[in-house]
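Residue-level structural notes
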Amino acid sequence: MSLDPEAAMRLALTEAHAAALAGEVPVGALVLAPDNRTILGRGNNQVLRTSDPTAHAEIVALRAAGLALGNYRLLTPGGGCTLVCTLEPCAMCAGAILHARITRLVYAAPDPKAGACGSVLSVLNHPQLNHRVEVVCGILAEECSALLSNFFRSRRHELRTAASKS
């Protein structure tokens, strides 16, 4: 059975929760094969755990999908892949989406500080680039935004509490 965008986003949310449990910013992603059933890659933010500034959820998922397909171009005989993520990708991730030839991007919450798919920048679908990506946004946006807001609220509270104890 094919995963509809909401079901796929729920799986990405599972990845985001895993990131939060590890102390990372709670962003999750997955790459779906053209059949929208097969998950080729999953990822969650790992920048702190790996000391790797490129270990965003989207990059982790794209790397896994590339390994699964044996190619950095995420194209199959059935067509292009879909990247599902809980937060609008940044410029680095948007560039990776283009290089991987992702056909469709589904994201939940816009990122008004670093979003590169329309919020702050528009890296995807630039008229001078040769690849186009269908962009679907807003799937479970409130739930994903709340997860991020609660995470940062909790982190600020922890920092204030630690500062008051010293």
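Please refer to the structure placed before this passage.
The rules behind these values
Residues numbered from 1 in each chain as written. Predicted model: local features only at pLDDT ≥ 70, side-chain atom pairs only at ≥ 80, totals over all residues. Heavy atoms only, no water. Helix = DSSP H or I, 4+ residues; strand = E, 2+ residues; numbered from the N terminus. Rg over C-alpha atoms; globule rule 2.2 N^0.38 Å. 1 Å grid on protein atoms, 1.4 Å probe; cavity = no way out; pocket = protein on both sides within 12 Å on 5 of 7 lines; lining within 4 Å. Points joined across faces, edges and corners; volume = space filled by probe spheres on them. Nonpolar A, V, L, I, M, F, W, Y, C, P; charged D, E, K, R; others polar. Buried < 20%, exposed > 50% of the residue type's maximum accessible area, 1.4 Å probe, protein only. Pairing = 2+ DSSP bridges. Axes fitted to C-alpha atoms, helices over the stretch in contact; angles between N-to-C directions. Contact = heavy atoms within 4.5 Å. Phe/Tyr/Trp six-rings, centres within 6.5 Å; stacked < 30°, edge-to-face > 60°. Expected span 1.5 Å × (residues − 1). Arc of directions from axis to C-beta. Polar contact = N/O pair within 3.5 Å; in protein donor to acceptor, adjacent residues only side chain to side chain.

1. Quick word on the overall build of the chain
The secondary structure content of the chain amounts to five helices and seven strands. Seen in sequence order, the chain has helices and strands lined up from the N terminus as α-β-β-α-α-β-β-β-α-β-β-α. Over its C-alpha trace the chain gives a radius of gyration of 16 Å, about what one expects of a compact globule, namely 15 Å for 166 residues. Here the C-alpha coordinates of the chain stretch approximately 60 × 35 × 30 Å along the principal axes.

2. Section: the layout of surface pockets
Of the pockets and cavities examined, the largest pocket occupies roughly 460 Å³. In terms of residue count, the dominant contributor to the lining of the largest pocket is helix α5 (residues 141–165) (four residues). Grouping the amino acids of the lining of the largest pocket by side-chain chemistry returns 13 nonpolar, four polar and four charged.

3. What about the environment of alanine 141?
Within the element layout of this structure, alanine 141 appears in helix α5. We classify alanine 141 as buried; its relative accessible area is 18%. Along the chain, alanine 141 and alanine 109 lie 32 residues apart, while their C-alpha atoms are 4.5 Å from each other.

4. Focus on the sheet that holds strand β6 (residues 104–109)
Spatially, five strands are ordered β2-β1-β5-β6-β7 in an open sheet, and the strand pairing comes out mixed. The two strands at the open ends of the sheet, each matched to only one other strand, are β2 (39–44) and β7 (134–137). Taking each pair of neighbouring strands and ignoring which way they run, the sheet shows an average axis angle of 15°. Contacting β1 (28–32), β2, β5 (82–87) and β6, helix α1 (residues 5–21) runs over the sheet at an angle of about 135° to β1. With respect to the sheet, helix α3 (residues 57–69) is in contact with β1, β2 and β5, its orientation differing from that of β2 by roughly 150°.

5. A few points about empty space enclosed by the protein
Going through the model one piece at a time under the given rule, you end up with one cavity of 30 Å³ or more. Approximately 40 Å³ is the volume found for the largest cavity. Lining the largest cavity we find Leu3, Asp4, Pro5, Ala8, Leu32, Asn36, Thr82, Val84, Arg104 and Val106. Elements supplying a minimum of two residues to the lining of the largest cavity: α1, β5 and β6. Its residues assigned to classes, the lining of the largest cavity shows six nonpolar, two polar and two charged.

6. A look at the packing of aromatic side chains
Two measures describe an aromatic ring pair: the distance that separates the ring centres and the angle between the ring planes. Within this structure, the stated rule accounts for one aromatic pair. Pairing phenylalanine 151 with phenylalanine 152 gives two aromatic rings, centres 5.3 Å apart and planes at 80°, and the pair type is edge-to-face. Relative accessible area serves as the criterion here: at 12%, phenylalanine 151 is assigned to the buried category.

7. Looking at α1
Because an α-helix packs 3.6 residues into every turn, residues spaced three or four apart end up facing the same way. Taking 1.5 Å per residue as the helical rise, α1 with its 17 residues ought to reach 24 Å, and the 24 Å between its terminal C-alpha atoms agrees with that figure. When we look at burial in α1, the residues that qualify are Ala8, Met9, Ala12, Leu13, Glu15, Ala16 and Ala19. Summarising the axial view, the buried residues of α1 lie within an arc of 160°, below the 170-degree limit, and thus occupy one face. Residues Thr14 and Leu21 are exposed on α1 and point more than 90 degrees away from its buried face. Where α1 is buried, its residues meet β1, β2, α2 (47–50), β5, β6 and α5. At the N-terminal boundary of α1, the capping side chain belongs to aspartate 4, with an oxygen 2.9 Å from the backbone nitrogen of glutamate 6. One or two positions beyond α1, positive phi appears at glycine 23, with a value near 85°.

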